[in-house]
Each structure stands twice: as structure tokens, then as C-alpha cells.
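# Analysis of the macromolecular model
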Amino acid sequence: MDMNMNNNNNKGKSKLKQNQKKRVELILLILYAIGFYAFCICRSLHLSRADHFSKLHGLRAGWLFPPRLNDVSDAQWRNFRANLPILTLVFGVFTMLANIAGKSFHFRAKGMSIIWLFLSLIYLSYLHGACIIFILLIASANFLLVKIFANAKYFPLLLWIFNLVFLFANRVYQGYSFSKFGQHWAYLDKFRGTFRWHICFNFVILRMISFGYDYHWAHRDSHFDQEKHIRRCHVCKSGKVCYQILQERNVHTNNFAFTTYLSYLVYAPLYIAGPIISFNAFASQLDVPQNHYSIIEVTWYGLRWVFSLSLMELMTHLFYFNAFAASGSWKKLSPMDIFIIGYGVVNFMWLKFFLIWRYFRFWSLIAGIEAPENMPKCVNNCQNLESFWKSWHASFNKWIVRYMYIPLGGSQRKLLNIWVIFTFVAVWHDLEWKLLSWAWLTCLFFVPEMLVKSAANAFQAEGALGGFVFRELSAVAGAITITCLMVANLVGYVIGPSGINWLISRFLSKEGLHVLGFMLTSFYVGTKLMFQIHDAKQRMQ
């Protein structure tokens, strides 16, 4: 009895010491993180001083802290920011009309699909003008292909060939010219709208593939265990319906009508940039609007978006990260400043996409259609490639898992699948060598991570020492992974494959090695902080 009490006391003391050590470690990590960000902010402000203005492209007169300039060098962000007022007016009117019509006439899937198809075609007519004809023709051909061949064994291959042909052809021929089909059609080239249709059509292709697969699977028994999922899902337990259920549960074949299909392809709130939603989930919510988010939660979601927009305005007025990258001026900087600019560009890209995707998702939620959250985690809270890709364009990741990864064999062929998937992701974005370089670099970095993770799962850490060693090695691996991820994104979106040698030579110089050490140390500390956050979340559950 006494021996058991002594053992329990010893265990209690040991656990208390471990908790004290973790608290001390957490304090030290936070202090380092504060110092790191204070240094980055000071250095960034120094880089963005007035004597650099003449060398940078894309700076415009700002409205914060005049006469300070605003960095609008990123074309995508500049266009989105400039069109925010008109977009807000259009989506406000569209969602109001759709909601009033739905509630007044008690429309279900068929009625709501007609309402949204009508509104969305008005929207597309402004965006693409006469080029809407190309969209409707390709979409109609895909619908016929699905309806005729859906039960055939070779249907998935046929569906992919059809959509890949148009993915490449649209880009190669730059959206086609009406004059190519005869001079009597040439006058339509004067009415091509304000936005290139073949850029938006990349998202339409994902939706056409989704419709094809969901219709194909609707005629087969589902392998999705709904009861098991409900027992595990905290959303479903509360009486609501989560997105996973909406996606995996087959809809009735009557919902695969042409009007519902077209409404899905051109649904205005998600048409330009997503997030990407499966056909099953879209058709289900046309029938019964989402109940996951209450009116208060949607309102709070919108207010958080406004706050995030304020952060972006503050960032682009104070720090000119993207202007340095776009003008190529950073090549003349020291290795430390190159790291600061590179790190800043990654954070700018994350916040840009965060704002764009959440804006369109917000309007879709108001309309009663829930789409997956594209940025569920901050870019600075991802310590490995797998968690990064689950949190960056997450709806695309869900689409890839459902329509590519699993049909290709899933985890049984993981090492092979990632090469096929990332190559598709690259060409889906654009036909550029630098994007293919980004895709293949990411795959190269993915392979060792998967091997290490496989080995780690086989290795069971025993005792306090074993757990400590495993955690430290994981933090070191996380630091290396984050560095590789930064390099891959800079190659893919900034410097291109021709800049790899230059980047390596800069960081392997005498000055560069010190910066590389600082960078790895900072990312090591960041990874340890992520572990602390993960542990805190586990304790709260």
C-alpha cells in the first residue's frame, strides 16, 4: 500500500517537473518569437523607406499615413481591391433576390437552380460578353458525355481526357477568337467582356469533373459510413449537417438535371475564385440551405473579414514586400534582407488569398450554400508539407483527395500519386515552366517527409528521454521543411527555375550561412511553438 502511494507521489512529482519545464520552454519560445517579429518589422520598415521608391514598381498613392505609398504591385490583389464596391453591391442584390424568391415561393432544388442560373448568367454576361457561348457549349458537351457514358467502366478516363483537352486548348488558343470559326462571327470579338473567360473556366473544369464523378457514383453503393461519421463529428452531433456529409452523401438522380448542373457551374458567388464545392454538396444545399452557420455566426464571419482587410491595408502601406519581388530589386539586397522579403511575400500571398476566398465564401453562406474554408489555419502554423497543403486552398485539396487521390489508389500509391497530382495542380494554374518547377520541387521535398513520417509512426518513443529526442528531431525536421516550402513557393511564384542557382549561391556565401542559421533557428522555434499550440488544443478537448 505504502509502496503504491510512493510510486504515485513520484509520478506526480515527475509530471509536475515536466509541466514546469514546458512552461519555462513556452516562455522562452514566446520571447524569441517576439524578438524575431520585432526584428522583421524593423528591418521591413527600413527596406520600405523613401530612397527605395524609385526602384520599386506598383507603388501608388496611399490613404493611410500620407504621403506614404501603397503596394498594389500584385495584379490580382489590385483588381480585387478596386472592384470590391461593385462586387459587394452585385452580390448583395443577388443574394437578397434569391433569398426572397426562395422563401416567398418555397422553392426547392429545381426552383432555386433556375433562380441562381438566371442571376449568374447576368453576371457572366457582364464578365465575358459573347464568350459566354464558349462556356455553354463546352458545358453542354460535358453534360451529354456524362449522361451517355456514366455507367461505362472507362468513363473516368473519358471524363478526364475531355476536360484536360479543353484545359490545354483554352490556354493555348487564349480563349479562342470568333473569327477562327468564320468571318461572319468576327463581330462578336468586339464583345468579349471585361474578364478573360478561359481564366475562370479552370474552376468550371473542376466542377464539370465533380459533376461527372458524383453522377457516376450515384449509380453505385456508397462506401461512406454516415453513422460512424456522425458519432465522431462534433458538428453532426449537435444536430447540424457538416460539409463532409453533404459531399459524401449521394443526392437523388433527379437532382442531376441540366438546369441544376449549369447553375452549379456558374453559381455567381463562387464563380471567379471558389472555394471549390462538390456537386453533391451544392445540390443538397439548393434543396435545404446550410444550417451549420447561424445568422450571428455569418455576421461575425463578415466582421472578421473586415478586420483582416484592415490588416492587409496596414501591411501594404508599411511594407513593400511584393513590390520588391515584382521589380526584381531584392536581388541587390543582402541575404538577410532577401530572407525578410521572401518571408514577407509568403505572408502577403497567404493574406491575399485568405481575403479573396473568404469574401466569396461569405456571400455564398448568406445565400445558404456552405463551401469549404480555404484557409482554415495561418500559414505560420504549418510545420510540414501535408498540413500546409491541407490548409492552403483547402477546398482544392478536398477536391483532389476525392476525385484524384482516392481514384488513383490513395495511400497505397502515395509516392507515385503526388507526382501526378502536383503536376496537374501546376498545369491547372497555368502552362508555365516555373509552376512545373514549383510542383516537382514540392514533390521532391514531400518524399523524404513521407519516409520520415512512416519511420516515426513505426518508432515508439519510450520514456521521457525518448519523447524529448523525438520531439526535438521533429522540430528540426519542421524547420527544414518550412525552409524548403519557402524556396519552392519563391521559385514557383517569384524568381522562377532560373533563379534557383542564384538563390543557393547567395545563401551559401559567408554572410548567407549566418542568415541560413538564423532562419533555421527561427523556424525551429516556430515549430516548437506549433507543438505547444497543438498540445494546448488537445488538453482543451
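What counts as what
Residues numbered from 1 in each chain as written. Predicted model: local features only at pLDDT ≥ 70, side-chain atom pairs only at ≥ 80, totals over all residues. Heavy atoms only, no water. Helix = DSSP H or I, 4+ residues; strand = E, 2+ residues; numbered from the N terminus. Buried < 20%, exposed > 50% of the residue type's maximum accessible area, 1.4 Å probe, protein only. Areas by Shrake-Rupley, 256 points an atom, 1.4 Å probe, with all protein chains shown as cover. Lys, Arg positive; Asp, Glu negative; His and termini not counted. Charge placed at Lys NZ, Arg CZ, Asp CG, Glu CD. Patch = residues over 30% accessible without salt bridge, like charges linked within 9 Å, V, L, I, M, F, W, Y side chains within 5 Å. Salt bridge = Lys/Arg side-chain N within 4 Å of Asp/Glu carboxyl O. Expected span 1.5 Å × (residues − 1). Bend = angle between axes of the 7 residues up to and from the residue. Core = buried A, V, L, I, M, F, W, Y, C linked by side-chain atoms within 4.5 Å. Domains from an automatic or database assignment. Contact = heavy atoms within 4.5 Å. Buried area = accessible area lost by both parts, 1.4 Å probe. Axes fitted to C-alpha atoms, helices over the stretch in contact; angles between N-to-C directions. Parallel < 35°, antiparallel > 145°, perpendicular 65-115°, else oblique. Left-handed = near helix turned anticlockwise from the far one by under 90°. Polar contact = N/O pair within 3.5 Å; in protein donor to acceptor, adjacent residues only side chain to side chain. Phe/Tyr/Trp six-rings, centres within 6.5 Å; stacked < 30°, edge-to-face > 60°. Lys NZ or Arg CZ within 6 Å of the ring centre and 35° of its normal.

## Quick notes on the overall build of the protein
The number of helices and strands found in the protein is 22 helices and two strands. Relative to its 541 residues, the protein shows a buried fraction of 50%. For the protein, the accessible surface area stands at approximately 27,500 Å², while carbon and sulfur atoms represent 66% of it. Each charge class in the protein can be summarised by its mean position, and for the 52 positive and 25 negative side chains these summaries are 2 Å apart.

## Concerning a nonpolar patch on the surface
A contiguous nonpolar patch, built from Val24, Ile27, Leu28, Ile30, Leu31 and Ile34 and spanning about 580 Å² of accessible area, is present on the exposed surface. Within the secondary structure, Leu31 sits in helix H1 (residues 2-47).

## Remarks on helix H6 (residues 197-218)
Since there are 3.6 residues in each turn of an α-helix, residues three or four apart along the chain are aligned in direction. The terminal C-alpha atoms of H6 lie 31 Å apart, and with 22 residues this matches the ideal 32 Å at 1.5 Å per residue to within 8%. Along its length, H6 shows its largest kink, about 30°, at Phe203. Where burial is concerned, most of H6 is hidden: 20 out of the 22 residues are buried.

## Some details on the nonpolar core
Generally speaking, soluble globular proteins have nonpolar side chains that are buried together. By size, the foremost hydrophobic cluster in this structure holds 158 residues, and its most contacted members are Trp116, Tyr123, Tyr271, Phe339 and Trp399. Considering each element in turn, this core owes the most residues, 22 residues, to helix H15 (residues 335-366). Shared between two domains, this core holds at least three residues of each, these being domain 1 (109-284) and domain 2 (376-540). Cys233, Val235, Cys236 and Ile245 belong to the second-largest nonpolar core, a separate cluster that totals five residues.

## Digging into the domain arrangement of the protein
One can read the domain layout of the protein as domain 1 (109-284) and domain 2 (376-540). The distance between the C-alpha centroids of domain 1 and domain 2 comes to 31 Å. With 22 residues of domain 1 in contact, the opposing surface of domain 2 contributes 15 residues. For the pair domain 1 and domain 2, the summed buried surface comes to about 1,700 Å²; carbon and sulfur atoms form 67% of the total. Three residues stand out in domain 1 for area buried against domain 2, namely Arg171, Leu206 and Ile276, and they jointly supply 30% of the buried area on that side. Of the charged contacts in the structure, one is a salt bridge between Glu248 and Arg402, with a shortest N-O distance of 2.9 Å.

## Looking at the packing of helix H4 (residues 132-149) against helix H10 (residues 258-266)
For any two helices packed against each other, one specifies the crossing angle of their axes together with the interaxial distance. Relative orientation of the contacting elements H4 and H10 amounts to 130°, with a least axis distance of 11 Å. By the angle between their directions, the pair H4 and H10 is classed as oblique. Considering the relative orientation of H4 and H10, their crossing is right-handed. In this structure, H4 contributes Leu136, Ala139, Ser140, Asn142 and Phe143 to the contact, and H10 contributes Phe258, Tyr261, Leu262 and Leu265.

## Quick word on the side chain of Ser263
Within the secondary structure, Ser263 is located in helix H10. In terms of polar contacts, Ser263 uses its side chain to reach the backbone carbonyl oxygen of Ser113, at 3.4 Å. Once residues lying within four places of it in the same chain are set aside, the contact partners of Ser263 are Ser113, Trp116, Leu117 and Phe282.

## As for the packing of aromatic side chains
As enumerated under the stated definition, the model contains 64 aromatic pairs in all. On the basis of an interplanar angle of 75° and a centroid distance of 5.4 Å, the ring pair of Trp197 and Phe201 is categorised as edge-to-face. Note that Trp197 and Phe201 are positioned in helix H6 at a spacing of four residues, about one turn of the helix. For Trp197, a relative accessible area of 2% translates into the label buried. For Phe201, a relative accessible area of 0% corresponds to the buried category. Through a chain of ring-to-ring contacts, three or more aromatic side chains come together here, namely Trp116, Phe143, Phe211, Tyr215, Phe256, Phe258, Tyr261, Tyr264, Tyr267, Phe279 and Phe282. Here the basic side chain of Lys352 rests over the ring of Phe353, its NZ or CZ set 4.4 Å away from the ring centre.

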